[in-house]
Amino acid sequence: MRICVDADKCEGHNRCYSLAPELFEVDDLGIASALNDGHVPAGLEAKADLAIANCPEFAITIVEE
Amino acid sequence: MSDRDPSDMSPREGCPVHDWATDFDVMDEGYIKDPAPVWEELRDKCPIAHTTRWGGAWLPTKYDDVREMARAAPTLSNRSPGVIPPAPEMRELLIAEVKEFGSELPPISADPPEHKPYKQLILPLFSPKAVEEYRAFTENLANELIDKHIASGKMDAAVDYAQQIPPRVIAYIIGIDPGRADDFTDWTRGIIELGQTDPEARMKYRRLIRDFFQEMIEERRDNPRDDAISKLMAAEINGEKLSDYSVIGVCFLLLVAGIDTTWSSIGSALWHFGTHEDDRKRLYAEPEILPTAVEELLRYYSPVVMARRVLDPIKFGEADMVPGEKVIMNFPAANRDPDVFDRPDEVVLDRERNRHIAFGVGIHRCAGSNLARMEMDVALRVWFNRIGEFEVTDPDAVRWTGGQVRGVRTAPMRIKA
């Protein structure tokens, strides 16, 4: 599973970071990016799914590979 | 600023509402107490309602509509974000000031491109990392408040607890004396509660706050401190220092937005637990669900609505909006939309999929959302740790405030260590 944060859509709510700090980082302005180039380590898929489902800006998507 | 024309003053303000679709009143007593039935009716009948009360406004009630409108900057402008527009004399003053100095309360009252640099100045104060630095201060404060009342066996969760925390935390962050918290709270209520419908109060408290921050600037002019005011005074936008007017505007915003909102959220959350035994027992038994519960309480008791001003003609659904009209960003109603949330009118403490928009969406997302969440987390955690049993003594004695910010203003409780 691979995910991506659209930096143009992200407004810094930081929901993804608080739900899944293993998968996301945020800068001082709160803008999020996916760690590890978006590759979700095995076992963390449910957390990635929750981050996607809680983003108020619909900024996180699954990258089709 | 284009605010209400004096001739627009509706003679019906204060009269009962017969048709919420065409004549809603956000200051109606029943609506303030429980707006959800009105939203439910409107979603089916007229999802973007209209009124001529309070200078005239549109009221969306569907999640997708609210999101779309919140993201329609600057056609829907933030230049006058108050739900109830200022009276004519204040409107004149604001127009003159904004012409000379720029946005009144940046970034909340600013549109692109003026908005972004101001938002970027304040966001670092409220990043997840920054707010963790205020956690210990907040925890001490919450514990002290409980120390003060626990032996008496009773405490007003709104007045003695919820109301006391945010003004001290935001004062600490801005760099002003937390010991003056009662003043800051009075001023904020003067603007956000009293000032909505009392033009003289609005003017008076605005003056008090602006004069106070002018004084704070003078104290720091030659002796900068390690605080937000000094940082704002040293900051530059497009290579230029901020004017005193703008520094004061930002500080004014931080103070007012930092107080009423979070106080309302903490108060509503404790009121909920004080009146819902099942949820209270559940949080005692499963403290690990607190972060999810905080999000659910934010959704269900969303305290804040903001307004936009129509600059150019725009159409949403059946609503033909014309320049000068107000649009109420009804985030609380969006968060009860059954098309988005299962069982929207129930508090489900472990609701894991919760894309609520209590802090708004788009460029005007609440800059202090991480701070508010931290304060709610600490306030509830300390309360549940220190207090073994509690309940609201008289559920009918609860008083809600509404308009711009909805929250519990009094919630007397029996408490036991």
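In what follows, the structure referred to is the one given above.
Everything in this summary refers to the structure shown in the same document. Counting restarts for each chain: residues are numbered from 1 in the order of the written sequence. Key to labels: chains lettered from A, ligands numbered from 1, both in the order written. At least 70 in pLDDT is required for a residue's local features to be given in this predicted model, at least 80 for side-chain atom pairs to be given and counted, and no such filter applies to totals for whole chains, interfaces and linings, which use all residues. Computation of side-chain values covers all heavy atoms of the structure but excludes hydrogens and water.

### Notes on the sheet that holds strand E11 (residues 389-392) of chain B
All names here are of chain B.
Point 1. Being paired, for any two strands, means DSSP has found at least two bridges between them. Strands here mean DSSP runs of E at least two residues long; helices mean DSSP runs of H or I at least four residues long; both are numbered from the N terminus. The strand order E4-E14-E11 describes an open sheet built from three strands, whose pairing is antiparallel. Each edge of the sheet is formed by a strand with only one pairing partner; in this case those strands are strand E4 (154-156) and E11. On average, each strand axis in the sheet is tilted by 25° relative to the strand beside it, whichever way the strands run.
Point 2. Direction of pairing for E11 relative to strand E14 (residues 412-416): antiparallel, over a ladder of four bridges. Counted as the bridge partner of Glu391 is Arg414 from E14. Angular values range over 0 to 180 degrees, each being the angle between N-to-C directions of two axes fitted as lines to C-alpha atoms, with helices fitted over their stretch in contact.

### Observations regarding the layout of surface pockets
Point 1. Within this scheme a cavity is a closed region of a 1 Å grid, computed over the protein atoms alone, that accommodates a 1.4 Å probe without allowing it to escape, whereas a pocket is open but has protein on both sides within 12 Å along at least five of seven lines; lining residues each have an atom within 4 Å of a point. Grid points are joined across faces, edges and corners, and a volume is the space filled by probe spheres set on the points. In this structure, the largest pocket spans a volume of roughly 590 Å³.
Point 2. Around the largest pocket, the lining comprises 24 residues; the ones closest to its centre are A:Arg15, A:Ser18, B:Pro291, B:Glu295 and B:Arg373.
Point 3. Those elements giving two or more residues to the lining of the largest pocket turn out to be helix H1 (15-19) and helix H2 (45-54) of chain A together with helix H7 (128-132), helix H16 (290-300) and helix H18 (369-386) of chain B.
Point 4. Tallied by class, the residues present in the lining of the largest pocket amount to eight nonpolar, seven polar and nine charged.
Point 5. There is about 380 Å³ of room inside the second largest pocket.
Point 6. Forming the boundary of the second largest pocket are 17 residues, of which B:Pro124, B:Leu125, B:Ala130, B:Tyr134 and B:Lys231 lie nearest the centre.
Point 7. Mapped by element, the contributors of at least two residues to the lining of the second largest pocket are H7, helix H10 (165-174) and helix H13 (228-234) of chain B.
Point 8. With three residues, H13(B) is the largest single contributor of residues to the lining of the second largest pocket.
Point 9. Residue classes follow a fixed rule: Ala, Val, Leu, Ile, Met, Phe, Trp, Tyr, Cys and Pro count as nonpolar, while Asp, Glu, Lys and Arg count as charged, and any other residue, Gly among them, counts as polar. Per-class residue counts for the lining of the second largest pocket are 10 nonpolar, one polar and six charged.

### Overview of the pattern of salt bridges
Residue and element names in this part refer to chain B.
Point 1. By definition here, a salt bridge exists when the distance from a side-chain nitrogen of Lys or Arg to a carboxyl oxygen of Asp or Glu is within 4 Å. All told, the structure shown has 39 salt bridges over all chains when counted by the stated rule.
Point 2. Residues Asp244 and Arg221 are paired through a salt bridge, measuring 3.0 Å at the closest nitrogen-oxygen approach. Highlighted residues: Asp244 in helix H14 (residues 244-275) and Arg221 in helix H12 (residues 199-221), separated in sequence by 23 residues.
Point 3. Only protein chains enter the accessibility calculation, which uses a 1.4 Å probe; a residue is then buried when its area is under 20% of its type maximum, exposed when over 50%, and partly exposed in between. Residue classification places Asp244 among the partly exposed positions, given a relative accessible area of 25%.
Point 4. The exposure class of Arg221 is partly exposed, given its relative accessible area of 38%.

### Quick word on the side chain of B:Asp377
Point 1. Inspection of the secondary structure puts B:Asp377 in helix H18.
Point 2. Here a polar contact is recorded for every N or O atom pair within 3.5 Å, except that within protein the pair must consist of a potential hydrogen donor and a potential acceptor, and residues adjacent in sequence are included only if both atoms are side-chain atoms. In terms of polar contacts, B:Asp377 uses its side chain to reach the side chain of B:Arg135, at 3.1 Å.

### With respect to empty space enclosed by the protein
Point 1. Applying the stated criterion to the full structure yields six cavities of 30 Å³ or more.
Point 2. Its residues assigned to classes, the lining of the second largest cavity shows 11 nonpolar, five polar and one charged.

### Some words on the environment of B:Ala358
Point 1. If you trace the backbone, B:Ala358 turns up in the loop between helix H17 (331-334) and H18.
Point 2. Contacts are residue-level and defined by heavy atoms, with any inter-residue pair within 4.5 Å sufficient. Contacts of B:Ala358, omitting those with residues within four sequence positions, involve B:Leu298, B:Ser302 and B:Asn335.

### A short note on the sheet that holds strand E2 (residues 57-60) of chain B
Across a sheet, paired strands are connected by hydrogen bonds in the backbone, their directions being either parallel or antiparallel.
All names here are of chain B.
Point 1. The sheet built from five strands is open, its strands ordered E1-E2-E10-E7-E3 with mixed pairing. Of all the strands in the sheet, the pair left with one neighbour each is strand E1 (48-51) and strand E3 (76-77).
Point 2. Where strand E7 (residues 306-310) meets strand E10 (residues 326-329), four bridges bridge the pair, whose relative direction is antiparallel. Looking across to E10, one finds that Arg308 is bridged to Val327.
Point 3. Against the sheet, helix H4 (residues 63-70) makes contact with E1, E2, E3, E7 and E10, and its axis sits at roughly 120° relative to E10, the strand it touches most.

### Focus on the interface of chain A and chain B
Point 1. The partner chain B presents 23 residues to the 18 residues of chain A that form the contact.
Point 2. Across the contact surface, chain A and chain B share four salt bridges.
Point 3. B:Arg353 serves as the salt-bridge partner of A:Asp49, at 2.8 Å between the closest nitrogen and oxygen.
Point 4. The tally of links between chain A and chain B comes to 11 residue pairs in polar contact (both at pLDDT 80 or more).
Point 5. For the side of chain A that touches chain B, the secondary-structure elements that each account for two or more residues are H1 and H2 of chain A.
Point 6. Residue contributions to the side of chain A that touches chain B peak at five residues, all from H2(A).
Point 7. By residue class, the composition of the side of chain A that touches chain B is nine nonpolar, four polar and five charged.

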